[in-house]
Amino acid sequence: MSTSGKDGSGGTPASGTGEAAVSRGGARSLIPGTIRGKLFLVFAIVFLSAAASAIIAQRANVLVQQQLSSITEDNLPSLVFAHEVSAVMTNIRGVAAALATAETGPALSSRRGQLKRHIDNAKAVINGLDATGVDRQTEARLNRFVADVEELATELASTVEMRLQLDEQLSEKIQGLAGEYTKFNASIAPLVSQQLQFLGTESERVTANTEKTVSRLNDISFKGLIPLLSINAQLATMKEALRVAFEADAETRLDDAWSDFVASSSVITRNLRELRGNAAVSDAVDVETLEDGFGDILAVGIGDDSIFERKRQQLAQEGAIQVDAAQETSQLEASLADLERQLKLAITLIRGQTVNVGIGLNRQVSDSLDAINQASVDGYGALLKLEALGNRAVGLLSVAPFVQEVADLEPLRTELEASEAEVASILDRLGTGAEVSATADLARRLMEFGRGETGVFELRANELQALEQVADLLFRTNALTQQMSVSAAEIVANAREMTDAAATTALGSLDSSRLTLSLVIGVSLLTMLGAIVYVNRSLGSRLSAFSNATLALAEGDLSVKLPEATGRDEVARLMRALSVFRDTAAEMQRSNLREIAEARQQLVDAIESISEGFAIFDRDDRLLIANTRYREIMLGDRNAPLQPGASFADIVRRAAASGRFPDAEPDPDTWVERQISRHHRLDEPSIQVLAGDRWQRISNRRTEEGGIVAIHSDITELKRVSDELLRAKEAADAANEAKTAFLAAMSHEIRTPLNGIVGMSRLLGETKLDAEQRDFTATIIQAADTLLAIINDILDFSKVEAGAMEIEQAPMDLHATVEVALELVAAKAAEKKLELACQIEPNVPAWIIGDSVRVKQILLNLLNNAVKFTQAGEIVLAVSVLKADSERPERLGLSVRDTGIGIPKDRMDRLFRSFSQVDASTSRRFGGTGLGLAIAKRLVELMGGAIEVESEEGVGTMFSFSIPLQAASPSEDERRDAWLTGLQGRRALVVDDNRTNRRILERQLGAWGLDVSQTGSPREALDWIAGGAEFDVCVIDYLMPKMDGLELAQRIRQEKGQAAPPIILCSASTPSGSEFRQKVAGMAFSAVLTKPAKSRHLLKALHDAVRPDADESTPAKTEKPKATEAACRPDGAPLTMLVVDDNRINQKVASKILARLGYAPDIVSSGEEAVRACMAGRYDVVLMDIEMPEMDGIAATALIRQKLPNPEQPYVVALTANAMAQERERYLRSGLDDYLSKPLDVGALNASLRTAAGFLSTRGQGAWTLEVEDGRG
Amino acid sequence: MGVADEPIELPALRRLLDVIGGDRDDLSELVDDFLSGAPELVAQMSAAAAAADTEALRRAAHTLKSNAQDFGATRLAARCAALEGACREGPCPEAAASVAVIAEEEEKARRALGALNVEELEA
């Protein structure tokens, strides 16, 4: 199938020209001859069958369409009508239902309008029925239905309207009811509260009455009865006492009875008093009678003739008065009985009274309760009942509008009537009081809401009826519309039947069309299949044979068998063309191979013609080509087999085995590896030694393809020459060295005897000589001097050459150096009448760091030359500061210019060479070694500078050189000299009462060049000053009799004012204390010294006093005492010292030297011990050996510096046998303070120790304290 | 110029006497110290050279140099200084030979110093 697809797609573009081919081919045979014809035939068949299928399908389609449109035209109107009727009826039903449930007037009228519109609509639909072909009968039926519906709708609307009216009335009624109900509630509320108030008042009254009665009862029963009962009991006691009295036969018994009697009688008296005070009791009981009766009894027992008294007398007077016991007893008994009776009566009365009061209370309470009862039942109760009934009636009436059935209204009505009856009875009971009548009236009116035609119940009954009617009407309307829908459905059913029939017909015709179409398509497919088989057979196999042959040719196989070119179509023509192409290609291949072989031969010839070994390697280090020379070099045989493709590693291995490379002998493998790594090093050529002392140079280049071209050149000759040169140079150097050494040795050896000659000649010159002898002697001296100068030059030069010249870096006085140099040539210049001038720019520092000796030597050389070569005119030495430029920092420029003979241009370059003068004749004329300028040049270079010359023949020459400029401060000794200069001729006044002191000062100051006036009397000094004597400085003593130094100073100042000279105060012992210090500070002395003043201090003080503005940079505090004895600490004791040395002998030597100088050093043998010792005890100075095992002096010093606090740091002096200048710097950098070389020099040691003492005294102390403490040392 | 012929240079010894304050007993004591200490130092140097301990060798040479200088054994001092310098440069293959020469010099110096009568040394 894929083949046919390809053919089909290929056929489409060919179709345009297809007809021509058919007409041409068709004339000869039925089947076309060309591929194009064949393809056209296939296409035609396919086209025809497709056309037939399309026509058949089109016809079937038209048929079905016709049938479908007939269905539509016949049945659609009736279907539409049915649908419309159904829709309208649905609308009518919906609107009718809405109308039936309308709740307001406006809703009702709007829905009524809607309903009418729908009904009109229905009418219109039915009237339009004519067009649809529905029968008349159906139409009439439908019209009738519509009329009925309209009628029902009208009725429904009016019924609903009526219902709405009833509903409205009912609502109004209920609203009225609510109003009345509110009024009723409002009128009954005050009645109820009034009734409640009445009940409250009544119950309060009952309570009050009851309380009063209960209290009275209490009074009577308890407060009355208890005294009475008590009286009764006491009475019994009294009766017993009397009885005892009567019968008593002893006085004691009588007394007991009497006391009982008295006690009881007092109790009775008290009770009687209480009874009398109780109103309630006294109302009921006759207390007076009781008192009378009691009085009678008392009369018997108490009084002079009482029974007890008489009985006592009787007992006392034994029978004097006889008591008539019987009589007395009966009388008493009568009284007692009477009283008892009275008492019992009283008790009875009290009890009766109690009962009466209780009964009264009961009655009172009962009456009150009745009254309350009356009030609550008849008033309050009735009102509450009435309120409840009102509520109930309103409830019943409110429920009525929501009742759904008429029958349900009846129980409500009955209940309301019952309530009404009850209300009537309550109202009767309440009577017709003015306050009740309004409420009663309202109650009756509430009841009336349920009664009559317009009563709530009746209204609801009517409304319910109307609702029922509406439902009925609605139902009927729905039924009618339903019937109409049914009619519409019938119409639809009819239409559907007709449609179904038509559709069946359409389907039949569709089936027959489909069958025909299938047949046509089947035939087409068969035809196409046949066509495809044919095309494949006649084209496919032949084309594939062609393509195979072409591919084989393309791959270069020119001998492939080509298929037979049968037939006369395009394929046959292609086959023939292919065979022609094959033949041509075979011919070309043969000719190319010939050309390549020729070119290669030319390349090989070219490579072979090179004298160097030549080889090319590819990027994998495989040999591409190598010439015979390469084989010869690498393998030792020009005919050695070396095939292209051999790896470089193999070649080198063979080379190593060939024995041609001496380097490979000891370790061939390493050698091979080295060669391989070199092979890839393209940047530099390598040199290799070959057997037979031959040398080759190998250079490798990268080719464009990433391979390597190796070129091996024989450089044996070149190497030989260069070796010879090297040997020659070494020999020359050695000779030069030998020469220098010889010169040095010789000069030294010559100088010693020469010095002798000079010295002796001078001595000789001072002896007595005649003129001739003197002349000879002068000549000898002159010659010897010259010789000495020459030898010195040679020595210097050889030193410079040998690199043994060391340039010092120390502060130097530039001015002095220049001046000395000038002075040295001044005499010679004067001899020749030459002007000698010096010009130093003002910005040139006076002190610089440098080597003054060497600078002077250079200047002298230049000046000497200038004097030598100048006959007339001037010589100018100029010194200036050369500004820093981009290349160099600031430098010092020195130049010597003369107006001499000048130097020819062509000789200038020889000028600075050794042993050369401008020409030989010059040498003869002017003498000299010719070394001077060479030495000067070397020295300047050693100083880091440069020298140059400008000259013009006959005009003059200028030599100029520059050296690095580093300003320095002058050294102490130099300063001292400067100070002394400043003091020359100054006038000094010395005032001291101590003569010795005075004289010492006088001598000292005199020695320094001062003009000294001295006196022991301050007064005299003042006189001198007053007399006009002028002094530049005063040195006065502090402690003097009559007038001390302070006063003297004040007076001098008073006398001279602003012109007063500076004053130095000396004090033998410093009065310590702040008062003195303040005074002294206030006096502004130019210095305060402690006697005896150190000369150094004094000098400094004088200098400061005379020139206070000069030398600001070195204030007094940096000054150090200069002692010849042992240097001391600020407190005056000798410095404490630690000697650190591992060498026992050195230890001993050091300790002996120090002991001699007055110190007592401690000694340790290692750096560790030194550190420990320094931390344990405080040392002023540590003499530290540098060379020690374990921890050397530098490390130990570093540790000491690190561990000790600053004020305790010792002054550490390095001791070493290694005396190198650069070492010294290293020590000082490492924290050591000074440096001494071994063997120790006592002077140097002393100087260092004095420096140490100065260092200790300045450390961390103020200037003032220092001055004072320094002096003590 | 050149190296002195005598193993001990008397001026140096005099200088030492001067430096320590001119006490001949003290000088005798120091000389005895040197005579007893020097062979020990040479022995140390031999051992260090054999063990190729450059640092120990250098240190011993330094010490002997310093002492020899003090007592005027200038040739010995010079030999020691040379060896010390060589050791400073790094491992010293000729050390053993140098030590042998030094041992020889040391013996000469020691003998000369031992024969010297300190009391007769001019001030």
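Predicted model, so just to flag it, every value in this text is computed and none were measured. (Residues numbered from 1 in each chain as written. Chains lettered and ligands numbered in written order. Predicted model: local features only at pLDDT ≥ 70, side-chain atom pairs only at ≥ 80, totals over all residues. Heavy atoms only, no water.)

## Here's the deal with the overall build of chain B
1) Next: The number of helices and strands found in chain B is five helices and zero strands.
2) Next: Start at the N end of chain B and walk to the C end: the helices and strands fall as α-α-α-α-α.
3) Next: Per-residue burial over chain B gives 45% buried out of 123 residues.
4) Next: Sequence separation of 24 or more characterises 68% of the internal contacts of chain B that already satisfy a separation of 6 or more. (Helix = DSSP H or I, 4+ residues; strand = E, 2+ residues; numbered from the N terminus. Buried < 20%, exposed > 50% of the residue type's maximum accessible area, 1.4 Å probe, protein only. Contact = heavy atoms within 4.5 Å.)

## Quick notes on the sheet that holds strand β19 (residues 1162-1164) of chain A
All names here are of chain A.
1) Next: Read across the sheet, five strands follow the order β19-β18-β20-β21-β22 without closing on themselves; strand pairing throughout is parallel. The open sheet has two free edges, formed respectively by β19 and β22 (1234-1237), since each of these has just one partner strand. Strand after strand, the sheet turns through a mean of 20 degrees between neighbouring axes, direction not considered.
2) Next: Here five bridges tie strand β20 (residues 1181-1185) to strand β21 (residues 1211-1216), and the two strands are oriented parallel to one another. Across the sheet, Val1181 pairs through a bridge with Tyr1211, a residue of β21.
3) Next: The strands that helix α31 (residues 1193-1203) touches are β20 and β21; relative to β20, the one it contacts most, it runs at about 150 degrees. (Pairing = 2+ DSSP bridges. Axes fitted to C-alpha atoms, helices over the stretch in contact; angles between N-to-C directions.)

## Quick look at the environment of Leu396 of chain A
Residue and element names in this part refer to chain A.
1) Next: Within the secondary structure, Leu396 is located in helix α9 (residues 325-399).
2) Next: The exposure class assigned to Leu396 is buried, which follows from its relative accessible area of 7%.
3) Next: In this structure the C-alpha to C-alpha distance between Leu396 and Val456, which are 60 residues apart in sequence, comes to 10.0 Å.
4) Next: Sequence-distant contacts of Leu396, defined by excluding residues within four places in its chain, comprise Leu412, Glu415 and Leu416.

## Describing helix α4 (residues 74-89) of chain B
Residue and element names in this part refer to chain B.
1) Next: Between its first and last C-alpha, α4 extends 23 Å over 16 residues, near the 22 Å set by a 1.5 Å rise per residue.
2) Next: Turning to α4, its buried residues number three or more, namely Arg75, Leu76, Ala77, Cys80, Leu83, Glu84 and Cys87.
3) Next: Against α2 (24-50), α3 (54-70) and α5 (95-115) lie the buried residues of α4.
4) Next: Immediately beyond the C-terminal end of α4, within one or two residues, lies Gly90, with a positive phi of roughly 140 degrees. (Expected span 1.5 Å × (residues − 1).)

## Thoughts on the packing of α3 of chain B against α4 of chain B
Residues and elements named next belong to chain B.
1) Next: The contact between α3 and α4 brings their axes to 8 Å, and the two run at 155 degrees. Comparing their axes, α4 and α3 come out roughly antiparallel. As for the relative orientation of α3 and α4, their crossing is left-handed in sense. Between α3 and α4, the contacting residues are Thr54, Leu57, Arg58, Ala61, His62, Leu64, Lys65, Ala68 and Gln69 on the first element and Leu76, Ala77, Cys80, Ala81, Leu83, Glu84, Cys87 and Arg88 on the second.
2) Next: The class makeup of the residues in the contact of α3 with α4 is 10 nonpolar, three polar and four charged. (Parallel < 35°, antiparallel > 145°, perpendicular 65-115°, else oblique. Left-handed = near helix turned anticlockwise from the far one by under 90°. Nonpolar A, V, L, I, M, F, W, Y, C, P; charged D, E, K, R; others polar.)

## Overview of the packing of aromatic side chains
Residue and element names in this part refer to chain A.
1) Next: Applying the stated criterion to the full structure yields six aromatic pairs over all chains.
2) Next: An angle of 55 degrees between the planes, with centres 5.5 Å apart, marks the rings of Phe261 and Phe308 as tilted. Remark: Phe308 occurs in helix α8 (residues 307-316) and Phe261 occurs in helix α5 (residues 251-277); sequence separation between them is 47 residues.
3) Next: Aromatic ring contacts, followed pair by pair, group Phe617, Tyr630 and Phe648 into a single cluster.
4) Next: Positioned above the aromatic ring of Trp695 is the side chain of Lys719, whose terminal nitrogen or guanidinium carbon lies 4.4 Å from the ring centre.
5) Next: Sitting above the plane of the Phe1085 ring, Arg1053 keeps its charged end 6.0 Å from the centroid. (Phe/Tyr/Trp six-rings, centres within 6.5 Å; stacked < 30°, edge-to-face > 60°. Lys NZ or Arg CZ within 6 Å of the ring centre and 35° of its normal.)

## What about the sheet that holds strand β2 (residues 623-626) of chain A?
Residue and element names in this part refer to chain A.
1) Next: If you trace the five strands from one edge of the open sheet to the other, you get β2-β1-β5-β4-β3, paired in antiparallel fashion. The open sheet has two edge strands with one neighbour each: β2 and β3 (686-690). Direction aside, neighbouring strands of the sheet carry axes that sit 20 degrees apart on average.
2) Next: Against the sheet, helix α16 (residues 668-679) engages β1 (613-617), β3, β4 (694-702) and β5 (708-714), with an angle of about 145 degrees to β3.

## Observations regarding the pairing of β4 of chain A
As a general feature of sheets, a regular strand has side chains that alternate between the two faces.
Residues and elements named next belong to chain A.
1) Next: Looking at chain direction, β3 and β4 are connected through five bridges and run antiparallel. Opposite Val689, over in β4, you have Trp695 as the bridge partner.
2) Next: Counting the residues in the hairpin turn of β3 and β4 gives three residues, including Gly692, whose phi is positive at 75 degrees.
3) Next: Pairing geometry for β4 and β5, over seven bridges, is antiparallel. Along β5, the bridge assignment pairs Arg697 with Ser713.

## Looking at helix α22 (residues 932-942) of chain A
Residue and element names in this part refer to chain A.
1) Next: Those residues of α22 lying buried are Gly932, Leu933, Ala934, Ile935, Ala936, Leu939 and Val940.
2) Next: In this fold, the buried residues of α22 make contact with α18 (771-801), α20 (852-869), β11 (946-952) and β12 (956-964).
3) Next: Just beyond α22, the residue with positive phi is Gly944, at close to 90 degrees.

## Quick word on the confidence of the model for chain A
All names here are of chain A.
1) Next: Mean pLDDT over chain A stands at 78; residues scoring 70 or higher make up 87%.
2) Next: Residue range residues 1-28 is modelled with pLDDT below 50. Its contacts to residues more than four positions away, or to other chains, number 11 contacts.
3) Next: When the criterion is pLDDT under 50, residues 1109-1124 qualifies, and its contacts beyond four places in sequence or with other chains add up to 27 contacts. (pLDDT = per-residue confidence, 0-100.)

## Section: the interface of chain A and chain B
1) Next: Each partner contributes residues to the interface: chain A has 22 residues there, and chain B has 26 residues.
2) Next: Overall, the association of chain A and chain B removes approximately 2,100 Å² of surface from exposure, summing both partners, and the carbon and sulfur fraction of that is 52%.
3) Next: Area buried by chain A at its contact with chain B is led by Ile1145, Lys1152 and Glu1187 of chain A, which between them contribute 30% of it.
4) Next: Counting the contacts that link chain A with chain B gives seven salt bridges.
5) Next: With its nearest N and O atoms 2.4 Å apart, the salt bridge here joins Asp33 of chain B to Lys1148 of chain A.
6) Next: Linking chain A to chain B there are 10 residue pairs in polar contact (both at pLDDT 80 or more). (Buried area = accessible area lost by both parts, 1.4 Å probe. Salt bridge = Lys/Arg side-chain N within 4 Å of Asp/Glu carboxyl O. Polar contact = N/O pair within 3.5 Å; in protein donor to acceptor, adjacent residues only side chain to side chain.)

## So, the environment of Leu574 of chain A
All names here are of chain A.
1) Next: Mapped onto the elements, Leu574 comes out in helix α13 (residues 570-609).
2) Next: Overall, the relative accessible area of 38% leaves Leu574 in the partly exposed class.
3) Next: For the pair Leu574 and Phe546, spaced 28 residues apart in the sequence, the C-alpha separation amounts to 7.9 Å.

## Re the environment of Asp23 of chain B
1) Next: Topologically, Asp23 of chain B is positioned in the loop between α1 (10-19) and α2.
2) Next: A distance of 2.9 Å separates a polar side-chain atom of Asp23 of chain B from the backbone nitrogen of Asp25 of chain B.

## Things to note about the pattern of salt bridges
1) Next: This structure, assessed with the given rule, holds 45 salt bridges over all chains.
2) Next: Arg58 of chain B is the partner of Glu55 of chain B in a salt bridge, and the nearest nitrogen-oxygen pair spans 2.9 Å. Of this pair, Glu55 of chain B and Arg58 of chain B both sit in helix α3, three residues apart, which is roughly one turn of that helix.
3) Next: Since its relative accessible area comes to 39%, Glu55 of chain B is described here as partly exposed.
4) Next: With a relative accessible area of 9%, Arg58 of chain B lands in the buried category.
5) Next: Members of the salt-bridge network, linked through shared partners, are Glu1187 of chain A together with Glu55, Arg58, Arg59, Lys65, Glu84 and Arg88 of chain B.

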